[in-house]
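Spelled out from the first residue to the last, the chains are:
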Amino acid sequence: MLVATYNIHRGRGPAGWFRPARILSVIAEIRPDLIALQEAQHYLRRETPMLEEAAVAALGLRPLRVAEAPAQQGWRSNVVLVRRDATFLRPPEGLRLGGMEPRGGLLAELDLGAGPFRLISAHLSLGAARRRLQAQALLAAMRTGSGPRIPTLLLGDLNEWRPGASALGVLEPVFGAPPHPPSFPAFRPWLALDRILLHPPHLAPQVVAHDTPLARRASDHLPLKARVTLPPA
């Protein structure tokens, strides 16, 4: 199962031009089974899709929609695209993470044919103290639904690059410290702001940045991707 996470910078490349079609082209390069996107909704027009629905469908993907906001592609700027044949074991729901922005995440339990797992996608705040509280909220979300009976996949922009600090200090005892290639800024990445974390940690031995000429122009972040092998149900 190929998964990815990608902060798409509101559909704008490093130069600031609004080009969401480039984002779709990068996703087409990756060909993921599941991809979590951050900064993927219009702030003032959330019911206007940033990514063209027909183009998303042409990639064999569909957005996870939460019952609280069925007209939106995502939740609080988080959009998750999954294969159209995904089976939902628990309906997607939005997570309120607070903060001045405010931040949020998406939670779902699903099966893409390789076994059941819990998905959490999130975009954390800029302040270290708030990120720590948000990470605690993500761990609390893991204890709901099927709890520890199924693996958890946490994808997103954690806005933290220092091992053991802030949000990572809260998450690493549960998720470990898998490879975290730099993803920001896209034209010369040196900060590992984006993460693919799994519990149990050994399910994705390799995490890599999708570093192509197109990806360097499409957003100010590079996508991360990983091949995940789930344990038998």
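Data block above holds the structure.
Let us look at the structure shown here.

Thresholds applied
Note that residues are indexed from 1 along each chain, following the sequence as it is written. Residues qualify for local features only when their pLDDT is at least 70, as the model is predicted, and side-chain atom pairs are given and counted only at 80 or more; totals for whole chains, interfaces and linings, by contrast, use all residues. Only hydrogens and water are set aside; all other atoms, that is, all heavy atoms of the structure, feed into the side-chain values. Three labels apply to residues, based on accessible area from a 1.4 Å probe with only protein chains included: buried if under 20% of the type maximum, exposed if over 50%, partly exposed otherwise in between. A helix here means a DSSP run of H or I that spans at least four residues, while a strand means a run of E at least two residues long, and both kinds are numbered starting from the N terminus. Here the arc refers to the set of directions running from the helix axis out to each C-beta atom. The contact rule is simple, with two residues in contact once any of their heavy atoms fall within 4.5 Å. Residue types Ala, Val, Leu, Ile, Met, Phe, Trp, Tyr and Cys, when buried and joined through side-chain atoms within 4.5 Å, form a set referred to as a nonpolar core.

**Side note on helix 4 (residues 166–175)**
Inference 1: Every buried residue of helix 4 is accounted for by Ser 166, Ala 167, Leu 168, Val 170, Leu 171 and Phe 175. Burial along helix 4 is one-sided: seen end-on, the buried residues are contained in an arc of 160°.
Inference 2: Check the buried side of helix 4 and you find it contacts helix 3 (128–142), strand 8 (152–157) and strand 9 (194–199).
Inference 3: Directly after helix 4, the chain includes Gly 176, whose backbone phi takes a positive value near 75°.

**A short note on the nonpolar core**
Inference 1: Counting 28 residues, the largest nonpolar core has Val 3, Leu 34, Leu 110, Phe 117, Leu 119 and Ile 196 as the members making the most contacts within it.
Inference 2: For this core, the elements supplying multiple residues, two or more each, are strand 2 (34–38), strand 4 (79–83), strand 6 (103–111), strand 7 (116–123), strand 8, strand 9 and strand 11 (224–227).
Inference 3: No other element matches strand 6, which puts three residues into this core.
Inference 4: When sequence neighbours within four positions are dropped, the list of residues in contact with Leu 110 reads Leu 34, Val 82, Ala 86, Thr 87, Phe 88, Leu 89, Gly 115, Pro 116, Phe 117 and Leu 119.
Inference 5: Counting 23 residues, the second largest nonpolar core, distinct from the first, contains Ile 27, Ala 40, Leu 61 and Leu 214.

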